[in-house]
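Summary of the model geometry
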Amino acid sequence: IAASKKLAERLNIPLPQSQKEKDEDPRDVLLRINSYTQWFFHNELSKAKVALDYINKRGLTAETVERYALGYAPDSFEALLNYLSQKNVPLDFAVKLGVVKKRDSGGHYDFFRDRLMFPIRNARGQFVGFSGRTLSTKDEAKYINSAESSVYNKGREAYGLFEAKEAIKKLGQVVLVEGNVDVLACSQLGVQNVVAPLGTSLTEAQVKLLKRYASDLVLMFDGDDAGQKAALRAVEICFAADCHPRVVIL
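Below: a short report on this structure. Quick caveat, the model's predicted, so the values are computed rather than measured.

**Points about the overall build of the protein**
Along its length, the protein carries 10 helices and 10 strands. Taken over C-alpha atoms, the radius of gyration comes to 18 Å for the protein, in line with the 18 Å a tight globule of 250 residues would show. Its C-alpha atoms give the protein principal-axis dimensions of roughly 50 × 45 × 35 Å. Across the 250 residues in the protein, those meeting the buried criterion constitute 49%. Taking as baseline every contact in the protein between residues at least 6 positions apart, the subset at least 24 positions apart corresponds to 65%. Total accessible area on the protein stands at roughly 12900 Å², and carbon and sulfur atoms take up 51% of it. Positive and negative charge centroids in the protein, built from 35 and 31 side chains respectively, lie 3 Å apart.

**With respect to the pairing of strand β5 (residues 127-134)**
In terms of burial, β5 is a largely internal element, eight of the eight residues being buried. Joining the antiparallel neighbours strand β4 (residues 115-121) and β5 is a turn of five residues, in which G125 adopts a positive phi near 95°. Alignment of β5 against strand β6 (residues 143-145), held across three bridges, turns out to be antiparallel. Along β6, the bridge assignment pairs R133 with Y143.

**A word on unusual backbone geometry**
For N88, which is not a glycine, the phi torsion comes out positive at approximately 60°. Overall, the relative accessible area of 59% leaves N88 in the exposed class.

**Focus: the state of the cysteines**
Disulfide: a covalent bond formed between the sulfur atoms of two cysteine residues. Per the counting criterion, the structure on display carries zero disulfides. Here C243 stays free of any disulfide, with the sulfur of C238 as its closest cysteine sulfur at 4.7 Å. Take C243: its relative accessible area is 3%, and that puts it in the buried class.

**Here we look at the environment of S46**
Looking at the secondary structure, you find S46 in the loop between α2 (26-45) and α3 (49-57). With 26 residues separating them in the primary sequence, S46 and Y72 have C-alpha atoms 8.5 Å apart.

**Here's the deal with the nonpolar core**
Residues L70, L84, V99 and Y159 are the most contacted members of the largest nonpolar core, which totals 51 residues. Sorting the residues of this core by element identifies α2, α3, β1 (71-73), α5 (79-86), α6 (91-97), β4, β5 and α8 (180-188) as the ones contributing at least two each. In terms of residue count, α2 provides more of this core than any other element does, eight residues in total. Leave out the neighbours within four places in its chain, and V99 touches N34, T37, L80, L84, A94, D110, F111, F112 and F130. Counting residues in each nonpolar core, the second largest holds 24 residues, with Y213, L217, F221 and A231 among its members.

**Points about the environment of I144**
Mapped onto the elements of the fold, I144 is located in strand β6. The buried category is assigned to I144, whose relative accessible area is 15%. Considered as a pair, I144 and P26 are 118 residues apart in the sequence and their alpha carbons are 24 Å apart. Once residues lying within four places of it in the same chain are set aside, the contact partners of I144 are F111, F112, R115, F130, S131 and G132.

Conventions we followed
Sequence order sets the numbering: in each chain, residues are counted from 1 along the sequence as written. Local features in this predicted model are restricted to residues whose pLDDT is 70 or higher, and side-chain atom pairs enter the listing and the counts only when it is 80 or higher, whereas totals over whole chains, interfaces and linings include all residues. The basis for every side-chain value is the complete set of heavy atoms in the structure, and neither hydrogens nor water enter the calculation. Helix and strand labels come from DSSP, where a helix needs a run of H or I of at least four residues and a strand needs a run of E of at least two; each type is numbered from the N terminus. Radius of gyration here uses only the C-alpha atoms, and the compact-globule reference equals 2.2 Å multiplied by the residue count raised to the power 0.38. Burial classes follow relative accessibility: with a 1.4 Å probe on protein chains only, a residue under 20% of its type's maximum area counts as buried, one over 50% as exposed, and anything between as partly exposed. Throughout, a residue-residue contact means that at least one pair of heavy atoms, one from each residue, lies within 4.5 Å. Per-residue accessibility takes into account occlusion by the displayed protein chains alone, with areas from the Shrake-Rupley method and a 1.4 Å probe. In summary, the charge assignment counts Lys and Arg as positive and Asp and Glu as negative, without counting His or the chain termini. One atom stands in for each charge, and that atom is NZ of Lys, CZ of Arg, CG of Asp or CD of Glu. Between any two strands, pairing holds if DSSP finds at least two bridges. Only a pair of cysteine sulfur atoms within 2.5 Å qualifies as a disulfide here. Joining through side-chain atoms within 4.5 Å is the link that ties buried Ala, Val, Leu, Ile, Met, Phe, Trp, Tyr and Cys residues into a set, and such a set is a nonpolar core.

Spatial relationships are all this shows, so hold off on functional conclusions.
Take a look at the structure:
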């Protein structure tokens, strides 16, 4: 059973819950629900014209979509909820992850709706969270993220690290950019040692995480005023973490 679980996790294949799994570690339950959720979002992407149009507009290739396991959250309050219910997952755990929310009047609803989904992997390749970019014309947050949980802390993870870690170790250098799509664009151009913070300013914990893989940190943020200010803040954070970065001015 343990071997089949590990293989399914590596291949991102959801496994049905058995009687023996009822007493499994709560952390494993959360990771399993994230795996189901990622599969659902990824499967929905091919049906979503609005998401595919955005991907094409940004010039992202099919290979990039697969490499980073991009997905789509349907514009529905119950699409993911129904899927997770079919898998007999404990919905209170899904609430802890923030992929579904409780209604004040009772019941649950999908948190991510009509968004391009960026799954977040930890360094081991486990799906620990999600970042969703709105595809709606409504006035709402551009990005929303999974809730903090025992498997996900946005200040302690870096987007793209799992995909980039071998290149980072090989080159002895990590390039930090501002956003998820920046990571994808760089990777697509052959710059594979690239990661980004997760919906927050760079943290000491993230710098220390990256230092495990390379001592040479390069900050490459946007060239506008906001990007330059973010770079200055990031430099201070790096110094606090005993890291002396270089900064690329675009």
